[in-house]
Amino acid sequence: EAQVTQNPRYLITVTGKKLTVTCSQNMNHEYMSWYRQDPGLGLRQIYYSMNVEVTDKGDVPEGYKVSRKEKRNFPLILESPSPNQTSLYFCASSFSQANYEQYFGPGTRLTVT
Amino acid sequence: AQSVTQLDSHVSVSEGTPVLLRCNYSSSYSPSLFWYVQHPNKGLQLLLKYTSAATLVKGINGFEAEFKKSETSFHLTKPSAHMSDAAEYFCVVRSNDYKLSFGAGTTVTVRA
């Protein structure tokens with residue numbers, strides 16, 4: 001089944017404790033991106049990747065890192081999480097940046113205390 | 001710069017009655033426009049898209065949207081709501097450099 005998977009789905013952590021949220025897709029997509037969803041703000045892009053080893057900042061990259069060492073994986077790293085990073089995070093992928101349809105993962109709900 | 005405004009944060013309808021979700025956009029060029037749906041605890045799913053072809057766009061599950069350039073609107077409609085339509089809906093505009101801007105979302109509640 002074609003899908004985007006994220007782990008973990010739920011995470012509660014404390015300020016400053018490094019964490020990684022994994023994202024994997026099995027559709028051989030070149031383009032992958034991370035979004036955060038906050039009430040009343042819709043989705044905002046954090047980082048995106050056009051292909052392996054090619055990443056770039058989205059609208060709200062501060063406090064986040066990403067890497068794209070393999071085509072299928074695009075982990076999101078929070079080196080020192082803070083409470084304002086409490087949010088719902090989505091990973092998405094598509095064949096290319098120009099492709100119309102993005103496939104979204106199920107989301108990761110992160111709480112930083 | 002581009003932006004999207006969803007005019008209603010919450011819409012409540014009775015099952016079997018029409019649904020209207022309103023979306024206005026601003027863009028300095030001819031945009032591509034999308035509606036996505038998010039069911040509880042799920043990721044977003046593409047409902048329909050407008051990409052400068054026909055102005056009336058049909059999507060999945062009986063939804064359709066009409067692009068009106070003069071009104072800068074892209075409202076989503078469905079003639080008869082079903083309980084399974086209860087979800088959050090996002091209007092999205094895409095720029096020429098493929099950047100997506102999401103609206104704040106409209107939550108749809110369907111009453112039995």
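As shown above, the structure is provided for reference.
What counts and what doesn't
- Residues numbered from 1 in each chain as written.
- Chains lettered and ligands numbered in written order.
- Predicted model: local features only at pLDDT ≥ 70, side-chain atom pairs only at ≥ 80, totals over all residues.
- Heavy atoms only, no water.
- Salt bridge = Lys/Arg side-chain N within 4 Å of Asp/Glu carboxyl O.
- Buried < 20%, exposed > 50% of the residue type's maximum accessible area, 1.4 Å probe, protein only.
- Helix = DSSP H or I, 4+ residues; strand = E, 2+ residues; numbered from the N terminus.
- Pairing = 2+ DSSP bridges.
- Contact = heavy atoms within 4.5 Å.
- Buried area = accessible area lost by both parts, 1.4 Å probe.
- Polar contact = N/O pair within 3.5 Å; in protein donor to acceptor, adjacent residues only side chain to side chain.
- Nonpolar A, V, L, I, M, F, W, Y, C, P; charged D, E, K, R; others polar.
- Phe/Tyr/Trp six-rings, centres within 6.5 Å; stacked < 30°, edge-to-face > 60°.

Some details on the pattern of salt bridges
Okay, step 1: Summed over the entire model, instances satisfying the criterion amount to seven salt bridges over all chains.
Okay, step 2: Between Lys78(B) and Asp85(B) there is a salt bridge; the shortest N-O distance is 2.8 Å. Of the two residues, Lys78(B) and Asp85(B), both sit in the buried class.
Okay, step 3: Residues joined in a network through salt bridges with shared partners are Arg36(A), Asp38(A) and Arg44(A).

Observations regarding the pairing of strand S10 (residues 87-94) of chain B
Residues and elements named next belong to chain B.
Okay, step 1: Most of S10 is tucked away, with seven of its eight residues classed as buried.
Okay, step 2: Both S10 and strand S12 (residues 106-111) contribute to a ladder of three bridges, which runs antiparallel. Considered in S12, the bridge of Tyr89 is made with Thr106.
Okay, step 3: Inspection of the sheet shows S10 paired to strand S11 (residues 100-102) by three bridges, in the antiparallel sense. Along S11, the bridge assignment pairs Arg94 with Leu100.

Some points on the interface of chain B and chain A
Okay, step 1: Residue-level contacts link 21 residues of chain B with 20 residues of chain A.
Okay, step 2: Together, the buried faces of chain B and chain A total about 1,600 Å²; carbon and sulfur atoms form 54% of this surface.
Okay, step 3: Of all residues in chain B, Leu44(B), Tyr98(B) and Phe102(B) give up the largest surface area on contact with chain A, accounting jointly for 28% of the area buried on that side.
Okay, step 4: Counting across the interface, chain B meets chain A through one salt bridge.
Okay, step 5: Notably, a salt bridge pairs Lys99(B) with Asp59(A), separated by 2.2 Å at the nearest N-O pair.
Okay, step 6: Counting every contact that joins chain B to chain A gives four residue pairs in polar contact (both at pLDDT 80 or more).
Okay, step 7: Broken down by element, the residue count for the side of chain B that touches chain A peaks at four residues, all from strand S5 (residues 32-38) of chain B.
Okay, step 8: Looking at the side of chain B that touches chain A, its residues break down into nine nonpolar, six polar and six charged.

Regarding the packing of aromatic side chains
Residue and element names in this part refer to chain A.
Okay, step 1: For the structure shown, the criterion picks out 10 aromatic pairs over all chains.
Okay, step 2: Judged by centre distance (5.9 Å) and plane angle (35°), the rings of Tyr31 and Tyr48 are tilted. Here the residue Tyr31 occupies a position in strand S4 (residues 31-38), and Tyr48 occupies one in strand S5 (residues 42-51), the gap between them amounting to 17 residues. Here Tyr31 matches Tyr48 in class, with each residue buried.

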